[in-house]
Amino acid sequence: MTKAQTAQEYRVQKVTAKVIMEVVEGCSHSGLSVKDAAEYVGVSVEYARRAVDIATQFGMPVESSGTYSLAPDVENVAKADEEQKRIIFRKYLQRYEPIIIFISLLSKGNNPEVAARKVGVIYAINNGKDNIENMFLEWGRYAGIIEESE
């Protein structure tokens, strides 16, 4: 796999886990466009675009002709309470290779800043180690796979 392929595959967007799950919840009712997702969640179209991008990278919605619907193997998020949403988010986050490596690097004694820098290089993620660090920590805490102290 070339760095160009990796860079296309992994983009770390600045968006909270809670908004990602709200977008996924919207997709579970019917197919949503990015504009529909923004309206559903109550955020800007750009913020919704980032949330849809991350959710799609995680494999929760699938895109068809500019409309996003739940992937066939995703539980119905519309019926989930907040704790169930965290569990669903955790399931898909744990399949996201960059965060698996990030957590592995943390467990080997790297601090979050160093782990984020290394993940950024490994996966050619070009939007900054601070963004990677902040988002991975936020997503990991929401999912309950990274403790608050990290």
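How each quantity is defined
Residues numbered from 1 in each chain as written. Predicted model: local features only at pLDDT ≥ 70, side-chain atom pairs only at ≥ 80, totals over all residues. Heavy atoms only, no water. Helix = DSSP H or I, 4+ residues; strand = E, 2+ residues; numbered from the N terminus. Contact = heavy atoms within 4.5 Å. Areas by Shrake-Rupley, 256 points an atom, 1.4 Å probe, with all protein chains shown as cover. Lys, Arg positive; Asp, Glu negative; His and termini not counted. Charge placed at Lys NZ, Arg CZ, Asp CG, Glu CD. Salt bridge = Lys/Arg side-chain N within 4 Å of Asp/Glu carboxyl O. Buried < 20%, exposed > 50% of the residue type's maximum accessible area, 1.4 Å probe, protein only. Arc of directions from axis to C-beta. Core = buried A, V, L, I, M, F, W, Y, C linked by side-chain atoms within 4.5 Å. Polar contact = N/O pair within 3.5 Å; in protein donor to acceptor, adjacent residues only side chain to side chain. Pairing = 2+ DSSP bridges.

Colleague: Sorry if this is basic, but what is going on with the overall build of the protein here?
Modeller: On a plain count of helices and strands, the protein comes out with eight helices and two strands. Its C-alpha atoms give the protein principal-axis dimensions of about 45 × 35 × 25 Å. Intrachain contacts of the protein at a sequence separation of at least 6 include 62% that bridge at least 24 residues. Surface accessibility of the protein: about 7600 Å² in total, with carbon and sulfur atoms responsible for 50%. Mean positive and mean negative side-chain charge positions of the protein (18 and 21 charges, respectively) differ by 4 Å.

Colleague: For this particular structure, what's the right way to read the pattern of salt bridges?
Modeller: When charged atoms on two side chains of opposite charge get close, those side chains can pair. Per the counting criterion, the structure on display carries nine salt bridges. Residue Asp53 is joined to Arg11 by a salt bridge in which the shortest nitrogen-to-oxygen separation is 2.4 Å. With a gap of 42 residues between them, Asp53 in helix α4 (residues 45–58) and Arg11 in the loop between α1 (3–9) and α2 (17–29) connect regions that are remote in the sequence. You can call Arg11 partly exposed: its relative accessible area is 31%. Residues joined by salt bridges that share partners form a network here, namely Glu46, Arg49 and Arg50.

Colleague: Looking at this structure, how should I read helix α3 (residues 34–41)?
Modeller: Each α-helix winds once per 3.6 residues, and so residues spaced three or four apart point in a common direction. Within the sequence span of α3, burial applies to Val34, Ala37, Ala38 and Val41. Projected onto a plane normal to the axis of α3, the buried residues spread over an arc of 100° and lie on a single side. Across α3 from its buried face, at more than 90 degrees, point the exposed residues Lys35 and Glu39. Looking at the buried side of α3, the elements it contacts are α2, α4 and β2 (67–70). A positive phi of about 85° marks Gly42, the residue just after α3.

Colleague: Explain the nonpolar core here, please?
Modeller: One broad trend across soluble globular proteins is that nonpolar side chains are buried collectively. Counting residues in hydrophobic clusters, the biggest one holds 51 residues, and the most contacted among them are Ile20, Phe58, Met60, Phe89, Phe102, Phe136 and Trp139. Residues within four places of Phe136 in sequence aside, it is in contact with Val12, Tyr96, Pro98, Ile99, Phe102, Val119 and Ile146.

Colleague: Which parts of the structure should I look at to understand unusual backbone geometry?
Modeller: Backbone geometry follows two general trends: most residues other than glycine have a negative phi, and most peptide bonds adopt the trans configuration. The backbone phi angle of Ser65 is positive, close to 55°, even though this residue is not glycine. Tracing the sequence through the fold places Ser65 in the loop between β1 (61–64) and β2. Although it is not a glycine, Ala124 adopts a positive phi angle of roughly 50°. Following the sequence through the fold, Ala124 ends up in the loop between α7 (112–122) and α8 (129–143).

Colleague: Looking at this structure, how should I read the side chain of Asn110?
Modeller: Secondary-structure assignment places Asn110 in the loop between α6 (97–107) and α7. By relative accessible area, Asn110 is classed as buried at 16%. Polar contacts involving the side chain of Asn110 include one to the side chain of Lys118, which spans 2.9 Å.

Colleague: How should the pairing of β2 be read in this particular structure?
Modeller: Within a regular strand, the side chains alternate between the two sheet faces. Where β1 meets β2, four bridges bridge the pair, whose relative direction is antiparallel. Residue pairing across strands places Glu63 opposite Tyr68, the latter belonging to β2. Connecting β1 to the next strand, β2, in antiparallel fashion are two residues, including Ser65 with a positive phi near 55°.

Colleague: Quick question: what am I supposed to make of α6 here?
Modeller: By the burial criterion, the buried members of α6 are Pro98, Ile99, Phe102, Leu105 and Leu106. Down the axis of α6, the buried side of the element spans an arc of 120°, and every buried residue falls inside it. Of the surrounding secondary structure, the elements contacted by the buried residues of α6 are α5 (82–93), α7 and α8.

Remember, this is a structural readout, not a statement about activity or role.
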